[in-house]
Amino acid sequence: MSQSIEVLIKKDMEIFVSMLAEREELNSESIITLSAHIAAQFMRIIYTKQKTIAIEEVNGVLGIISNILHEWFEDQITTEDYEKISKRSLDFLKDTDFDEKSRIYFSNLAQK
């Protein structure tokens, strides 16, 4: 049985936020960058499977991440931070080298 996208996103967030925390690199900028990468990754997966992605699906992915961040960090993440996550994730998707850059980003996170 496959897991819901919410569960998968939360697992990824838990893994990588804990890595940032262990390295004492957990701050608003690192959370914004991580969240944007994870959002873009899941949007890319949806697009790859369906050959399209609806605005509702984009908003759904960003909403899931926003809910997780609010649950974990409450008011430490601002509206401006959420807007940065949204903009960066969409900018990542426009980058033709996104897949490779994303692989490198997550690989570097895991290695440190």
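Just so you know, the residues in each chain are numbered from 1, in the order the chain's sequence is written. With pLDDT at 70 or above as the cut-off, local features in this predicted model cover only qualifying residues; side-chain atom pairs require 80 or more to be listed or tallied, and sums for whole chains, interfaces and linings still use all residues. Hydrogens and water molecules were not included; the side-chain quantities draw on all heavy atoms of the structure.

Student: What is the right way to look at the overall build of the chain in this model?
Tutor: Starting at the N terminus, helices and strands are each numbered in turn, a helix being any DSSP run of H or I of at least four residues and a strand any DSSP run of E of at least two. Secondary structure summary: the chain contains five helices and zero strands in total. Helices (α) and strands (β) of the chain occur, in sequence order from the N terminus, as α-α-α-α-α. Against the 2.2 N^0.38 benchmark of 13 Å for 112 residues, the chain shows a C-alpha radius of gyration of 13 Å, consistent with a compact globule. In terms of principal-axis extent, the alpha carbons of the chain reach across some 40 × 35 × 30 Å. Burial classification: accessible surface area is computed with a 1.4 Å probe over protein chains only, and a residue below 20% of its type maximum counts as buried, one above 50% as exposed, and the rest as partly exposed. Every one of the 112 residues in the chain was classed for burial, and the buried ones make up 33%. Residues count as neighbours in contact if any of their non-hydrogen atoms are within 4.5 Å of one another. Of the contacts formed within the chain by residues at least 6 apart in sequence, a portion of 73% connects residues at least 24 apart. Accessible surface computed for the chain: about 7,000 Å², of which carbon and sulfur atoms make up 53%. Mean positive and mean negative side-chain charge positions of the chain (13 and 20 charges, respectively) differ by 7 Å. The size measure is the radius of gyration over C-alpha atoms, and the globule rule it meets is 2.2 Å times the number of residues to the 0.38 power. All accessible areas in this document rest on Shrake-Rupley with a 1.4 Å probe, and a residue is counted as covered only by the protein chains that are shown. The charged-residue count follows a simple rule in which Lys and Arg add positive charge and Asp and Glu add negative charge, with His and chain termini not counted at all. Charged groups are reduced to one reference atom each: NZ for lysine, CZ for arginine, CG for aspartic acid, CD for glutamic acid.

Student: Would you mind showing me how to read the nonpolar core here?
Tutor: Note on terminology: a nonpolar core comprises buried Ala, Val, Leu, Ile, Met, Phe, Trp, Tyr and Cys residues joined through side-chain atoms within 4.5 Å. Core analysis: the biggest nonpolar cluster contains 26 residues, and Ile-9, Leu-34, Ile-38, Val-61, Ile-65 and Leu-69 have the highest contact counts within it. Elements supplying a minimum of two residues to this core: helix H1 (5-22), helix H2 (28-50), helix H3 (55-73) and helix H5 (98-111).

Student: Hey, could you run me through the pattern of salt bridges in this one?
Tutor: Salt bridge, as applied in this entry: a Lys or Arg side-chain nitrogen positioned within 4 Å of an Asp or Glu carboxyl oxygen. By the definition in use, this model includes eight salt bridges. The residue Lys-10 makes a salt bridge to Glu-71 at a minimum N-O spacing of 3.2 Å. Of this pair, Lys-10 sits in helix H1 while Glu-71 is found in helix H3, placing the two residues 61 residues apart along the sequence. Among the residues examined, Lys-10 registers a relative accessible area of 26% and is labelled partly exposed. Under the relative-accessibility criterion, Glu-71 is labelled partly exposed at 49%. Of the charged contacts, one joins Asp-95 and Lys-101 as a salt bridge, the two residues approaching to 2.7 Å between their closest N and O atoms. The partly exposed category is assigned to Asp-95, whose relative accessible area is 24%.

Student: When you look at the packing of aromatic side chains in this model, what are you seeing that I'm missing?
Tutor: When we look at a pair of aromatic rings, we describe it by the centre distance and by the angle of the planes. Side-chain rings of Phe, Tyr and Trp (the six-membered ring for Trp) are treated as a pair once their centres are within 6.5 Å; stacked means planes under 30 degrees apart, edge-to-face means over 60, and tilted covers the remaining angles. This model, assessed by the stated rule, comprises four aromatic pairs. For the pair Tyr-105 and Phe-106, a centre-to-centre distance of 5.1 Å together with 75° between the ring planes defines the contact as edge-to-face. Counting every residue linked through ring pairs, the aromatic cluster contains Phe-16, Tyr-105 and Phe-106.

Student: How should I be thinking about unusual backbone geometry in this particular structure?
Tutor: Glycine aside, negative phi is the norm for most residues, and most peptide bonds take the trans geometry. Despite not being glycine, Glu-24 shows a phi value in the positive range, around 55°. Locating Glu-24 in the fold gives a position in the loop between H1 and H2. With a relative accessible area of 75%, Glu-24 lands in the exposed category. The residue Lys-51 is not glycine, and still its phi comes out positive at about 65°. Structurally, the position occupied by Lys-51 is in the loop between H2 and H3.

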